[in-house]
Amino acid sequence: MKRVSLKVDCDTLEGTRDGVPRLLEILAERRIRATFYFTFGPDRSGVAAMRVFTQRGFLTKMLRSRAASLYGWRTMLSGTLLPAPSIAHGAADAMRAAAAAGHDTGVHGWDHVGWHDGLDRMAPERVAEEYGLAHAEYLRVLGMPARTSAAPGWTVSARSLAVQEERSLHHTSDTRLGGPFFPSAGGRSFSTLEIPTTLPTLDETLAWPELADDTAQRAFFRSAPKDTEVHTIHAEVEGGSKAGLFAAIVDDWLAAGVAFPLLSELADEALEERERIPVREVVRTRVRGRGGIVATGWPEASRR
Ligand SMILES: [Zn+2]
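Every chain's residues receive numbers from 1 upward, in the order its sequence appears when written. Local features in this predicted model are restricted to residues of pLDDT 70 or higher, and side-chain atom pairs are both shown and tallied only at a pLDDT of 80 or more, whereas totals for entire chains, interfaces and linings draw on every residue. Processing note: side-chain calculations cover all non-hydrogen atoms of the structure and skip hydrogens and water entirely.

(A) Quick look at helix α9 (residues 124–142). Here a helix means four or more residues in a row that DSSP labels H or I, a strand means two or more in a row labelled E, and each is numbered from the N terminus. The length a helix should cover is 1.5 Å for every residue beyond the first. When the terminal C-alpha atoms of α9 are compared, their 27 Å separation across 19 residues agrees well with the 27 Å that a helix rising 1.5 Å per residue should span. Note on exposure labels: buried denotes an accessible area under 20% of the residue type's maximum, exposed denotes more than 50%, and partly exposed covers the range between, all computed with a 1.4 Å probe on protein chains only. Of the residues making up α9, those classed as buried are V127, E130, Y131, G132, A134, H135, E137, Y138, V141 and L142. By the convention used here, residues are in contact when the closest approach between their heavy atoms is within 4.5 Å. On its buried face, α9 is in contact with α6 (87–90), α7 (92–100), β3 (104–109), α8 (112–118), β4 (148–149) and α10 (158–165). Among the residues trailing α9, G143 stands out with phi positive, at a value near 80°.

(B) Spatial organisation of the packing of helix α1 (residues 13–29) against helix α14 (residues 243–255). With axes taken as lines fitted to C-alpha atoms, and helix axes fitted only over the stretch in contact, angles between N-to-C directions fall between 0 and 180 degrees. As a packed pair, α1 and α14 sit with axes 11 Å apart at the nearest point and diverge in direction by 25°. Between α1 and α14, the angle falls in the class roughly parallel. Here the hand of the crossing between α1 and α14 comes out right-handed. Across the interface between the two elements, R22, L23 and I26 from α1 touch A243, F246 and A247 from α14. An angle below 35 degrees is read as roughly parallel, one above 145 as roughly antiparallel, one from 65 to 115 as roughly perpendicular, and any other as oblique. Left-handed describes a crossing whose near helix is turned anticlockwise from the far helix by less than a right angle; the clockwise case is right-handed.

(C) View of the environment of V127. The topology assignment puts V127 in helix α9. Its relative accessible area of 1% is what places V127 among the buried residues. For V127 and V163, which are 36 residues apart along the polypeptide, the C-alpha to C-alpha distance reads 7.6 Å. Among residues more than four places away in sequence, those in contact with V127 are W115, L119, M122, R159, S160 and V163.

Just distances and angles here, no functional claims.
Laid out in structure tokens, this is it:
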């Protein structure tokens, strides 16, 4: 049986406040559960958006990713021309609504842009501080400690993995490609189970020239699940301008008999045979359609 575990990354205030409720409707109508990862601190997403203007070839990138229509102008300017608002304070209701509807929830981060742009340059104590702030806000908003986290932009380091390990989480979802594993980095192995995202994300495939319209996108995702997959969606995209396309993709999967387990259920399943879970070194790779690098424990899978 084919299975797709939906992982919902919530990166911005607008995406969390407005996109999450929309996704909750889409999922409720189809009686599907997902795993939501929330960013809690300042929304500086405009910093990331502005970067495209300073990079070579920014115009093609803008046109191709249609960043403004995907993310909205307010989000793109947030933290640059407009002050950076706190996501936890502006979107706590949406976070609680996701948990109340029976979805799994976890920590995505504190300052999403700061983390995926600056983790390598961050002082070691700052890594622990950022991660701790996010968990403290999770506890305050959701009323219980988080059991799982997902690194912003799939960006991790030996230091950040060590900081995560101190929380004794049930599982993480920090990386791309391949099956569940125990990460190793910096000469150390960790005992927090990692469950990678396996499918390309819609904000990546939208940049693939051969998938020029929604029909082509839908056809790609219809045939994408091979066995058990983890599919990351973004509250800003699938809960925003691409909500209709996302609903159609899910409907295609439902029609094909695809099941939608939670990430925690995949983790429980893997942990039943703990001795069979491999230890894999976390390295960095590129995935098609995404600027920047991502963490992976299965670099060979990116060449398939
Ligand atoms: Zn994210």
